Amino acid sequence: MKDRAPPLDPEALSKWRRYFHDNFFEDFENGTGTEAVMSALHAHAGAGVWADLGSGTSTLFWSMCVPPMTEIHAVDISAEALHVLETFSASTTEPVGYLQAGSIFGHGSEHLRHQKRTLGHFHSCDALRPFSCELGLKRFDLVTAIGLLSLSGSPDRFREAFREVSRTLRPGGTIICASWILSDSHARQRGIRNDFLAADLQAIAVHEAGLNLLDMCTAIPVDQRRYSRVEVFSARA
């Protein structure tokens, strides 16, 4: 099931197809900070209904680190990214990198096939703003924002966006967030900064949302030309 979306843009569709194939399709790559996200997902995610906010094409990669879910919703502003993800979920393709990541947690091909069957909801909307799609009416056992909140633009906007996404949690539900912090050179190249994201701001956001902080860590990528660090935190309603 998916919300109404505008016609797909061929250039954007091509970009997202490249992104999908360039990220863990062939081999799992150590040292990107991804391991910290995977560990948080494995440690704190429970089974149930999951919303992956700012999913891009990666929901099923992260699904290799969590228990078998009963329902998965992918949410992204890009209809093209969701199209690539939906096409993959309907296929028999099993990327080597996904299976390598899953093997760390004892998950293999059958787990991937189960998560594909469970991923049946695709929502094209801006997850950094109050939900205008049907998603705003639902509540979830697990909410992930992997890479999403790093695009919020300012400390105030980060806190506002976190409060908004936290409202989608069921009582006892868990939210897991990860932000790749741009290096100075990469930030200048992209014309945006997100180095305001740090432990103190994240702790304030969790407190303001009325959640309980479960875990927080900072990972340092091996190659820091694009990203200086990865901030990961988990909280529970």
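In the block above lies the structure referred to throughout.
No experiment lies behind these values; they were computed from the predicted model shown.

Rules of the game
Residues numbered from 1 in each chain as written. Predicted model: local features only at pLDDT ≥ 70, side-chain atom pairs only at ≥ 80, totals over all residues. Heavy atoms only, no water. Pairing = 2+ DSSP bridges. Helix = DSSP H or I, 4+ residues; strand = E, 2+ residues; numbered from the N terminus. Axes fitted to C-alpha atoms, helices over the stretch in contact; angles between N-to-C directions. Contact = heavy atoms within 4.5 Å. 1 Å grid on protein atoms, 1.4 Å probe; cavity = no way out; pocket = protein on both sides within 12 Å on 5 of 7 lines; lining within 4 Å. Points joined across faces, edges and corners; volume = space filled by probe spheres on them. Nonpolar A, V, L, I, M, F, W, Y, C, P; charged D, E, K, R; others polar. Parallel < 35°, antiparallel > 145°, perpendicular 65-115°, else oblique. Left-handed = near helix turned anticlockwise from the far one by under 90°. Buried < 20%, exposed > 50% of the residue type's maximum accessible area, 1.4 Å probe, protein only. Polar contact = N/O pair within 3.5 Å; in protein donor to acceptor, adjacent residues only side chain to side chain.

Caption draft 1: Highlighting the sheet that holds strand S7 (residues 227-236). A sheet is described by the order of its strands in space; here seven strands give the open sequence S3-S2-S1-S4-S5-S7-S6, paired in mixed fashion. Single-partner strands in this sheet number two, and they are strand S3 (119-124) and strand S6 (212-219). Neighbouring strand axes in the sheet, compared pairwise and without regard to direction, differ in orientation by 15° on average. Bridge count between strand S5 (residues 169-182) and S7: nine bridges; the pairing is antiparallel. Bridge pairing in S7 places Trp180 opposite Val230. Strand contacts of helix H4 (residues 79-89): strand S2 (71-76) and S3, with the helix running at about 170° to S3, the strand carrying the most contacts.

Caption draft 2: Just the layout of surface pockets, in detail. When its volume is computed, the largest pocket comes out at roughly 1,500 Å³. Lining the largest pocket are 42 residues, with Tyr19, Asn23, Trp180, Arg226 and Tyr227 sitting closest to its centre. Going through the elements one at a time, helix H1 (10-22), helix H3 (59-62) and S5 are the ones with two or more residues in the lining of the largest pocket. Considering each element in turn, the lining of the largest pocket owes the most residues, four residues, to H1. Here the residues of the lining of the largest pocket are counted per class, giving 19 nonpolar, 13 polar and ten charged. The volume enclosed by the second largest pocket comes to roughly 160 Å³. Residue lining of the second largest pocket: Arg17, Phe20, His21, Phe25, His83, Val84, Thr87, Phe88, Ser91 and Thr93, and that is the complete set.

Caption draft 3: Quick peek at the packing of helix H7 (residues 155-166) against helix H9 (residues 199-208). Close contact between H7 and H9 brings their axes to 9 Å; oriented N to C, the two are set at 40°. Accordingly, the angle class assigned to the pair H7 and H9 is oblique. Read as a crossing pair, H7 and H9 show a hand that is right-handed. Contact residues: Pro155, Phe158, Arg159, Phe162 and Arg163 in H7; Leu201, Gln202, Ile204, Ala205, Val206 and Glu208 in H9. A per-class count over the contact of H7 with H9 returns seven nonpolar, one polar and three charged.

Caption draft 4: Focus on the environment of Ala235. As for its position among the elements, Ala235 is in strand S7. Using a relative accessible area of 0% as the deciding quantity, one classes Ala235 as buried. Remark: the alpha-carbon pair of Ala235 and Glu26, spanning 209 residues in sequence, is separated by 32 Å. Those residues in contact with Ala235 that sit more than four places away from it in its chain are Gly173, Thr174, Ile175, Val206, Leu211, Asn212, Leu213 and Leu214.

Caption draft 5: The arrangement of the side chain of Gln115 in detail. Position of Gln115 among the secondary structure elements: in helix H6 (residues 109-118). Among the residues examined, Gln115 registers a relative accessible area of 0% and is labelled buried. At 3.1 Å, the side chain of Gln115 forms a polar contact with the backbone oxygen of Ser63. Among the polar contacts made by the side chain of Gln115, one reaches the main-chain carbonyl oxygen of Pro67 at a distance of 3.1 Å. Ignoring anything within four residues of it in the chain, the contact list for Gln115 reads Leu60, Ser63, Val66, Pro67, Pro68, Met69 and Ile72.

Caption draft 6: Highlighting the side chain of Thr34. Tracing the backbone through its elements, the reader meets Thr34 in helix H2 (residues 34-44). You can call Thr34 buried: its relative accessible area is 3%. Separated by 2.6 Å, the side chains of Thr34 and Thr32 make a polar contact. Every residue in contact with Thr34, bar those within four places of it in the chain, is listed here: Phe24, Phe28, Phe61, Trp62 and Trp180.

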